Protein chains: 2
Amino acid sequence: MIDELVEIRVIAGQETAFVAAVKQAKPLFLAAKGCHGLRLTRSIEVPDLFRLLVRWETVEDHMVGFRNSDAFGEWRRLAGPHFAKPPHVEHLETMIAE
Amino acid sequence: MIDELVEIRVIAGQETAFVAAVKQAKPLFLAAKGCHGLRLTRSIEVPDLFRLLVRWETVEDHMVGFRNSDAFGEWRRLAGPHFAKPPHVEHLETMIAE
């Protein structure tokens, strides 16, 4: 299991609309093959900086399966208009669990 | 509840020793007032980039309580020698939960 980490800068004033869009898009992720959950955080120090964490069975489930699906286009259609710039994407493996 | 996020660049070749140091330091966090868990991730794309996520009841539990405790000094004594540069710290609030 790995986490997709997406760092998203949101256009000032559109934070509430962005969170609503992620809520609307959440079922698209949860229905995708290999997806095991989604969390959205907001930075307290940098309030336009959001981080989306999506848990996948494999990197391929995200980068091949999801990215090439209609659900990805729908996710970008919902959330993309609120992005201040292209988001930064990484994948994380857990070394020490909670 | 909030998450402390620490982005840590580890000196090349010291990744295994760093993870061992965080494992050793984990009880220091878990014993601290207001601490509810700790997770360490490693970036797949940037293998010297680790992220420590510590769950606290409040930002003050981290920035005042923990930072001024002996446990913080012990944490830095264990993990600090492996830092390639000063870590970046933010605090995150959860907007959408898993």
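None of these values were measured; they are calculated from a predicted model.

**Here we look at the overall build of chain A**
Then comes step 1: Secondary structure summary: chain A contains three helices and four strands in total.
Then comes step 2: Counting from the amino terminus, chain A carries its helices and strands in the arrangement β-α-β-β-α-α-β.
Then comes step 3: Here the C-alpha atoms of chain A give a radius of gyration of 13 Å, agreeing with the 13 Å that 2.2 N^0.38 yields for 98 residues.
Then comes step 4: Principal-axis analysis of the C-alpha atoms gives chain A an extent of 35 × 35 × 20 Å.
Then comes step 5: Across the 98 residues that make up chain A, the buried fraction comes to 28%.
Then comes step 6: For chain A, restricting intrachain contacts to residue pairs at least 6 apart in sequence, the fraction spanning at least 24 positions comes to 75%.

**Details of the pairing of strand β2 (residues 35-43) of chain A**
Then comes step 1: Relative to strand β3 (residues 49-56) of chain A, β2 of chain A is paired through seven bridges, and the arrangement is antiparallel. Residue pairing for β3 of chain A: G37 of chain A is matched across the bridge by R55 of chain A.
Then comes step 2: Hairpin connection of β2 of chain A to β3 of chain A: five residues between the antiparallel strands.
Then comes step 3: In this sheet, strand β4 (residues 88-96) of chain B lies alongside β2 of chain A in antiparallel orientation, the contact comprising four bridges. When the bridges of β4 of chain B are listed, R42 of chain A appears paired with E93 of chain B.

**A closer look at the sheet that holds β3 of chain A**
Then comes step 1: Reading around the circumference, β1(A)-β3(A)-β2(A)-β4(B)-β1(B)-β3(B)-β2(B)-β4(A) is the order of the eight strands in this closed barrel, with antiparallel pairing throughout. In this sheet, neighbouring strand axes are inclined to one another by 35° on average, regardless of whether the strands run parallel or antiparallel.
Then comes step 2: Against the sheet, helix α2 (residues 59-66) of chain B contacts β1 (2-9), β2 (35-43), β3 (49-56) and β4 of chain B, and its axis sits at roughly 105° relative to β3 of chain B.

**Structural notes on the relation of the copies chain A and chain B**
Then comes step 1: Relative to chain B, chain A is turned by 180° and slid 0.0 Å along the rotation axis, the superposed coordinates differing by an RMSD of 0.0 Å. Accordingly, the operation relating the two chain copies is best matched by a two-fold axis.
Then comes step 2: In this assembly, 100% of the residues forming the interface of chain A have copies in chain B that are likewise at the interface, indicating an isologous arrangement.

**Side note on the environment of T94 of chain A**
Then comes step 1: Structurally, T94 of chain A can be placed in strand β4 (residues 88-96).
Then comes step 2: Take T94 of chain A: there are 15 C-beta atoms within 10 Å of it, and that puts it in the partly exposed class.
Then comes step 3: The sequence separation of T94 of chain A and A25 of chain A amounts to 69 residues, and the corresponding C-alpha distance is 25 Å.
Then comes step 4: Once you skip the residues sitting within four places of it in the chain, T94 of chain A turns out to touch R39 and T41 of chain B.

**Observations concerning helix α1 (residues 15-30) of chain B**
Then comes step 1: For α1 of chain B, built from 16 residues, the straight-helix expectation of 22 Å at 1.5 Å per residue is met to within 8% by its first-to-last C-alpha distance of 22 Å.
Then comes step 2: Residue Q24 of chain B marks the point of greatest curvature in α1 of chain B, where the axis turns by about 35°; the proline P27 of chain B follows within four residues.
Then comes step 3: Every buried residue of α1 of chain B is accounted for by F18, V22, A25 and F29 of chain B.
Then comes step 4: As for α1 of chain B, its buried residues are in contact with β4 of chain A together with β2, β3 and α3 (70-79) of chain B.

**A look at the interface of chain A and chain B**
Then comes step 1: Listed per partner, the contact involves 27 residues of chain A and 27 residues of chain B.
Then comes step 2: Elements supplying a minimum of two residues to the side of chain A that touches chain B: β1 (2-9), α1 (15-30), β2 and β4 of chain A.
Then comes step 3: Counted by class, the side of chain A that touches chain B contains 12 nonpolar, five polar and 10 charged residues.

**Quick word on the packing of α1 of chain B against α3 of chain B**
Residue and element names in this part refer to chain B.
Then comes step 1: The N-to-C vectors of α1 and α3 enclose an angle of 165°; their axes lie 9 Å apart at closest approach. If you check the angle between α1 and α3, you find them roughly antiparallel. As α1 runs across α3, the sense of the crossing is right-handed. Contacts between α1 and α3 involve F18, A21, V22, Q24, A25 and L28 from the first element and A71, E74, W75, L78 and A79 from the second.

Analysis parameters
Residues numbered from 1 in each chain as written. Chains lettered and ligands numbered in written order. Predicted model: local features only at pLDDT ≥ 70, side-chain atom pairs only at ≥ 80, totals over all residues. Helix = DSSP H or I, 4+ residues; strand = E, 2+ residues; numbered from the N terminus. Rg over C-alpha atoms; globule rule 2.2 N^0.38 Å. Buried ≥ 20, exposed ≤ 12 C-beta atoms within 10 Å, placed from the backbone. Contact = placed C-beta atoms within 7 Å. Pairing = 2+ DSSP bridges. Axes fitted to C-alpha atoms, helices over the stretch in contact; angles between N-to-C directions. Least-squares fit on C-alpha atoms with pLDDT ≥ 70 in both. Expected span 1.5 Å × (residues − 1). Bend = angle between axes of the 7 residues up to and from the residue. Nonpolar A, V, L, I, M, F, W, Y, C, P; charged D, E, K, R; others polar. Parallel < 35°, antiparallel > 145°, perpendicular 65-115°, else oblique. Left-handed = near helix turned anticlockwise from the far one by under 90°.

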